[in-house]
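Listed here are the chains, written in short residue letters.
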Number of protein chains: 2
Amino acid sequence: MGKSAASSPRGPTRARIIETACVLFNRNGAERTTTRAIAEAAGINEGNLYYHFRSKELLVLAVFERFEHAADALLTDGSSSTPFDYHLRLRGWFELTWAYRFLFRDVAGLEAIAPSLTVRLRRLSVRLQRRVRTMIAGLTEAGLLRIAPEESDRLLDNLWIVASYWIAFLVAHRGVKQIAPRHLEWGFAQVRSLFAPYLGAEMRGLLDSVPVRDE
Amino acid sequence: MGKSAASSPRGPTRARIIETACVLFNRNGAERTTTRAIAEAAGINEGNLYYHFRSKELLVLAVFERFEHAADALLTDGSSSTPFDYHLRLRGWFELTWAYRFLFRDVAGLEAIAPSLTVRLRRLSVRLQRRVRTMIAGLTEAGLLRIAPEESDRLLDNLWIVASYWIAFLVAHRGVKQIAPRHLEWGFAQVRSLFAPYLGAEMRGLLDSVPVRDE
DNA sequence: GTCTATAATCAGATAGAC
DNA sequence: GTCTATCTGATTATAGAC
């Protein structure tokens, strides 16, 4: 009795379809990716694809579930809360939003082809945001972050917006076609600059000491 | 010898098509809005629509041009630069992004159905961002804004991201279906909170004194 | 300018042989 | 599990009468 959306068959083909779909969704958007293209890229026939996923919606949902698990794991896994942990989690989030960037392109459009996504997306969003709120509260209590409670919610939302739509911004306004590691660094720095004005000296020092990874 | 993308016919029908298209684009996204739906909503036949716009791309471009003119007018018109003017212009921008919110849903997807939009969108983006940069520099010189030069660019980009994707955020994460004036206020407050840490006392007082409009 | 066809294409999805 | 063949419906766009 698994928790997955797509019910029946397992095996390597199914996994390959999901992986291929994710790649193509990211490249062209889920709406402009046809089942035909996915099947072809996965090296199977279209009819076969429909054996594994009885509709495109179920396939989209299966891809989403991978993101969901990764996101949950990232933000609940290890409740340790040193500044370094926050740093790593933020980086993990950036890599995740990049790996599943099609989810951040046009949610309304995505929900149009996969209506069952609406509820699950909202639930995930609430879960994650609650967790981040706790993290911010923890930082504040520890005296690492100095921010008024009413400003805290604004910061949280701005944080969320920047951390979610940095890719869309780079694509639309900077003409970036392929995101490279340096773009990840860029988005990362943007989010850090949101925090910067509220950071205590201690926290600032800790963050600056974290080395930039070279991938 | 007009500057518009769509060349030939003028008149009320053409204008009505553009207006109708904009409304439907905003409602369902430009990609999921069919020429049939536009024609029907405009009360004309589909063949007639294709008389006025020889392709869907030209229609998209015509709608974009209205946005472009409004945006240019908003950010170049009246180079006066009192804090109050900045305030009004920011509000104007929020109303504009709302009135043409389909442009901020999925730029890559939009460019897929209207490739000629790519260049014009990027050019507009550069123009606007340059203007905002000047505004920030002006505020800094006037001593109203206190921010280090290297932080200034980060602020500018975050500003741009929040001011562009606040709608997408509300739709995706708050489940907002119809944007009301209070949502405009919300987005407005989000952007102001980006500035807040860098505001001098004088500027802060001026902004707070600007009344909230009740539409 | 506006309409009535209708073409051309392509999407998601199904039936049934292997 | 995988393939071939096919259906159905929708979408952009055109030709030509009024």
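Residues numbered from 1 in each chain as written. Chains lettered and ligands numbered in written order. Predicted model: local features only at pLDDT ≥ 70, side-chain atom pairs only at ≥ 80, totals over all residues. Heavy atoms only, no water.

All right, on to the UniProt feature "domain: HTH tetR-type" (unreviewed entry) in chain A then. UniProt records the feature "domain: HTH tetR-type" (unreviewed entry) for residues 11-71 of chain A in the present numbering. Secondary structure content for residues 11-71 of chain A is 79% helix and 0% strand, and the end C-alpha separation is 24 Å. (UniProt positions renumbered as here; feature names shortened; annotations may be inferred. Helix = DSSP H or I, 4+ residues; strand = E, 2+ residues; numbered from the N terminus.)

What follows concerns the protein's contact with DNA strand C. Residues in contact with DNA strand C amount to 18 residues; listed here are only the nearest, Tyr50(A), Lys56(A), Asn45(B), Asn48(B) and His52(B). Among the atoms of DNA strand C lying within 4 Å of the protein, the sugar-phosphate backbone contributes 70%. Of all the secondary-structure elements, those providing two or more residues to the surface near DNA strand C are α2 (35-42) and α3 (46-52) of chain A together with α3 (46-52) of chain B. By residue class, the composition of the surface near DNA strand C is four nonpolar, nine polar and five charged. (Near = heavy atom within 4 Å. Nonpolar A, V, L, I, M, F, W, Y, C, P; charged D, E, K, R; others polar.)

We now examine the pattern of salt bridges. Within the structure shown, the criterion is met by 24 salt bridges over all chains. Between Asp106(A) and Arg105(B) there is a salt bridge, and its shortest N-O distance comes to 3.2 Å. Highlighted residues: Asp106(A) in the loop between α5 (83-99) and α6 (107-113) and Arg105(B) in the loop between α5 (83-99) and α6 (107-113), drawn from two different chains. Pair check on accessibility: Asp106(A) and Arg105(B) agree, each one buried. (Salt bridge = Lys/Arg side-chain N within 4 Å of Asp/Glu carboxyl O. Buried < 20%, exposed > 50% of the residue type's maximum accessible area, 1.4 Å probe, protein only.)

This next bit is on the protein's contact with DNA strand D. Around DNA strand D there are 18 residues in total, and Arg10(A), Asn45(A), His52(A), Tyr50(B) and Lys56(B) lie nearest to it. The sugar-phosphate backbone supplies 65% of the atoms of DNA strand D found within 4 Å of the protein. With respect to DNA strand D, the backbone of Asn45(A) contributes an N or O atom lying 2.7 Å from a phosphate oxygen. With respect to DNA strand D, the side chain of His52(A) contributes an N or O atom lying 2.9 Å from a phosphate oxygen. Those elements that place two or more of their residues in the surface near DNA strand D are α3 of chain A together with α2 (35-42) and α3 of chain B. With four residues, α3(A) is the single largest residue contributor to the surface near DNA strand D. Tallied by class, the residues present in the surface near DNA strand D amount to four nonpolar, nine polar and five charged. (Polar contact = N/O pair within 3.5 Å; in protein donor to acceptor, adjacent residues only side chain to side chain.)

Mapping chain B onto chain A calls for a rotation angle of 180 degrees and an axial translation of 0.0 Å; the resulting RMSD is 0.0 Å. Here the symmetry operator amounts to a two-fold rotation axis. Ranked by how close their C-alpha atoms come to the rotation axis, the residues of chain B are headed by Asp106(B), at 2.8 Å. (Least-squares fit on C-alpha atoms with pLDDT ≥ 70 in both.)

Moving on, we get to the environment of Ala30(A). All names here are of chain A. One can find Ala30 in the loop between α1 (12-28) and α2. With a relative accessible area of 4%, Ala30 lands in the buried category. Ala30 has contacts with Phe25, Lys56, Phe102, Leu110 and Ile113, leaving out every residue within four places of it along the chain. (Contact = heavy atoms within 4.5 Å.)

The subject of this paragraph is the packing of aromatic side chains. Residue and element names in this part refer to chain B. Enumeration according to the criterion identifies 21 aromatic pairs over all chains in this entry. Arranged with centres 5.0 Å apart and planes meeting at 45 degrees, the rings of Phe94 and Trp166 form a pair that is tilted. Of this pair, Phe94 sits in helix α5 while Trp166 sits in helix α8 (residues 149-173), placing them 72 residues apart in sequence. Of the two residues, Phe94 and Trp166, neither departs from the other in class, the shared state being buried. (Phe/Tyr/Trp six-rings, centres within 6.5 Å; stacked < 30°, edge-to-face > 60°.)

Residues and elements named next belong to chain B. The geometry of α5 relative to α8 is characterised by a closest axis approach of 10 Å and an angle of 45 degrees between their N-to-C directions. When the axes of α5 and α8 are compared, the pair comes out oblique. As α5 runs across α8, the sense of the crossing is right-handed. Contacts between α5 and α8 pair Trp93, Phe94, Thr97 and Trp98 from the former with Ala163, Trp166 and Ile167 from the latter. Its residues placed into classes, the contact of α5 with α8 shows six nonpolar, one polar and no charged. (Axes fitted to C-alpha atoms, helices over the stretch in contact; angles between N-to-C directions. Parallel < 35°, antiparallel > 145°, perpendicular 65-115°, else oblique. Left-handed = near helix turned anticlockwise from the far one by under 90°.)

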